[in-house]
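Structural description and commentary
Each chain, written out:
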Amino acid sequence: MNIAIAQSGGPTCAINASLVGVFRQALLTEEIDAVFGSINGIEGMISDELINLKSIIRTNEDMELLRQTPSTMLGSCRYKLPAYDTEPEIYVRILNTLTIHRIGVFLYIGGNDSMDTVVKLSKFLQDKGSDIRVIGVPKTIDNDLPITDHTPGFGSAVKYVAATVQEIIRDSSVYSIPSVTIVEIMGRHSGWLAASSCILRANGEEAPHLIYLPEASFSADRFIEDVRRQMAKHKAVVVAVSEGIAVEGTEPEEFQSGATDVFGHKYLSGVGKFLERLVAERIGCKVRSVELNVMQRCSSHLCAGTDIDEAERIGRHALRAALDGNSGKMMYFRRVSDMPYAVTIEMTDAANVANKEKKFPLKWIAPEQNQVTDAAISYFLPLVQGEVDIRMKNGMPVHFQRPLQMR
Ligand code: F6P
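Thoughts on the pattern of salt bridges
One pass over the full model with this rule turns up 23 salt bridges. Residue R316 is joined to E312 by a salt bridge in which the shortest nitrogen-to-oxygen separation is 3.5 Å. Highlighted residues: R316 and E312, both in helix α11 (residues 305–323), separated by four residues, approximately one helical turn. With relative accessibility at 22%, the residue R316 sits in the partly exposed group. Using a relative accessible area of 8% as the deciding quantity, one classes E312 as buried. What you see here is one network of salt bridges that share partners, running through R24, E64, R67, D309, E312 and R316.

Next up, the structure:
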């Protein structure tokens, strides 16, 4: 039997570690012959673009490099599998690819949209009487998947965001004049990642002085009042804002880029600049906005060891679950305790996760809607622990290089 694996959605620092987990487990499994990588997620299964991973990942050193390489080695997609009733031919093409290559297990690493693919494809195969199994492996820096305690990729993003905000705090406080620095953080419609900047308090930082999340209400007037209040106490005010906040009385088009992907998700970007203009106009002090942008999901030089280890482990478990006969499931983490930190890896129906979003808990948002409470810190802290001993060359991290034909 052969197996296939694909990566989907926005990249993370840990998504390749999950691929390595599946790959390593496959090497240990006698019944598995080839391990195919599908190029650009499910699109590669539709167009029969597969690569034999054993031909490009040859040594343990390759696997170690891949583990420390951000982004998706196999490429990615934002492709929504249509309903079987509307486009059955797409499913027939996927089945052809699976059959031609004797694939008995298909593993899909992705977020809530990708779990929609796991649900639809596994149901189609089951209805056909096929015993090909489809299992989802979670990932996303947004941490917005239900059921799972957290998602692979999130811990590394938290570590980068917190470390970078801390550096911004140092940089912003050098001059004698008052200033405001606004840091825009990814997360789409959930504020997990922006909220996580609160962990700096565990190291004695007071900033970010204000944290704004999509789960809280936000008005421009209240924001200006908040900033003024903080300026009365601090010379350099640092604000963390989630890209997906809704500004009362303002259309998103006034500050967000506006484009939409196939899932109907807006490409969110621009709220930091919007707030910067607001501060400049209404307060008139030195103000700067910083958009962390893609760096927060690809800065593997500062990834969290716990995150990378867990991502690999969950990949291994996913293959084992498939070989045990499961299909239409997603693997997830169940937290057993914060301290000492311990998780178990379990399995749920992918339908419980597909197209659903887990919001940042309201109980962890301060009543003023502009901060995160201390209770959230013990949730976040274990996820950023540990370092990866990054292999370096010429003073720079070494990345696993995809073969030329895949670039
Ligand atoms: O999927 C995670 C994510 O990084 C979100 O935080 C962000 O809003 C989105 O992807 C950006 O997507 P893309 O890279 O496709 O523009």
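Continuing now.
A closer look at the environment of V271
With respect to the helices and strands, V271 occurs in helix α9 (residues 271–282). Its relative accessible area of 0% is what places V271 among the buried residues. Each C-alpha atom of the pair V271 and S289 lies 9.2 Å from the other, and the pair is 18 residues apart in sequence.

Brief notes about the packing of helix α1 (residues 15–27) against α11
What describes two packed helices is the angle between their axes and the distance between those same axes. Between α1 and α11, whose axes approach to 7 Å, the crossing angle comes to 45°. Compared by their axis directions, α1 and α11 come out oblique. Relative to α11, α1 is oriented so that their crossing is right-handed. Where α1 approaches α11, its residues A17, S18, V20, G21, V22, R24, Q25 and A26 are matched on the opposing element by I308, A311, E312, I314, G315, R316, L319 and R320. For the contact of α1 with α11, the residue count by class is eight nonpolar, four polar and four charged.

Comments concerning the packing of aromatic side chains
If you walk through the whole model with that rule in mind, you get 14 aromatic pairs. Their ring planes at 80° and their centres at 5.2 Å tell us that W192 and F360 sit as a pair that is edge-to-face. Of this pair, W192 sits in helix α7 (residues 192–195) while F360 sits in the loop between β11 (341–349) and α12 (375–380); the two residues are 168 residues apart in sequence, bridging distant segments of the chain. Summarising the burial analysis for this pair, W192 and F360 share the class buried. Put simply, the rings of F154, W192, F360, W364, Y379 and F380 pair up and form one aromatic cluster.

Describing the domain arrangement of the chain
In terms of domain boundaries, the chain breaks down into domain 1 (2–140 + 300–355 + 388–397) and domain 2 (154–297). Each partner contributes residues to the interface: domain 1 has 14 residues there, and domain 2 has twelve residues. Of the roughly 1200 Å² buried between domain 1 and domain 2 on both sides combined, carbon and sulfur atoms contribute 57%. At the surface where domain 1 touches domain 2, the tally comes to zero salt bridges. Taken together, domain 1 and domain 2 are joined by three residue pairs in polar contact (both at pLDDT 80 or more).

Observations regarding the sheet that holds strand β10 (residues 329–338)
Pairing within the open sheet is mixed, and its seven strands lie in the order β3-β2-β1-β4-β5-β10-β11. Strands with a single pairing partner mark the edges of an open sheet, and in this sheet they are β3 (50–52) and β11. Each strand axis lies, on average, 30° off the axis of its neighbour in the sheet, ignoring direction. Pairing geometry for strand β1 (residues 2–7) and strand β4 (residues 103–110), over six bridges, is parallel.

Brief notes about the sheet that holds strand β6 (residues 179–185)
One open sheet holds the four strands; their spatial order is β7-β8-β6-β9, and the pairing between them is parallel. The open sheet has two free edges, formed respectively by β7 (210–212) and β9 (286–291), since each of these has just one partner strand. Direction aside, the axes of adjacent strands within the sheet are offset by 15° on average. Together, β6, β7 and β8 (236–242) form the strand contacts of helix α8 (residues 220–233), whose direction differs from that of β7 by roughly 160°. The strands that α9 touches are β6, β8 and β9; relative to β6, the one it contacts most, it runs at about 160°.

Cut-off values and rules
Residues numbered from 1 in each chain as written. Predicted model: local features only at pLDDT ≥ 70, side-chain atom pairs only at ≥ 80, totals over all residues. Heavy atoms only, no water. Salt bridge = Lys/Arg side-chain N within 4 Å of Asp/Glu carboxyl O. Helix = DSSP H or I, 4+ residues; strand = E, 2+ residues; numbered from the N terminus. Buried < 20%, exposed > 50% of the residue type's maximum accessible area, 1.4 Å probe, protein only. Axes fitted to C-alpha atoms, helices over the stretch in contact; angles between N-to-C directions. Parallel < 35°, antiparallel > 145°, perpendicular 65-115°, else oblique. Left-handed = near helix turned anticlockwise from the far one by under 90°. Contact = heavy atoms within 4.5 Å. Nonpolar A, V, L, I, M, F, W, Y, C, P; charged D, E, K, R; others polar. Phe/Tyr/Trp six-rings, centres within 6.5 Å; stacked < 30°, edge-to-face > 60°. Domains from an automatic or database assignment. Buried area = accessible area lost by both parts, 1.4 Å probe. Polar contact = N/O pair within 3.5 Å; in protein donor to acceptor, adjacent residues only side chain to side chain. Pairing = 2+ DSSP bridges.

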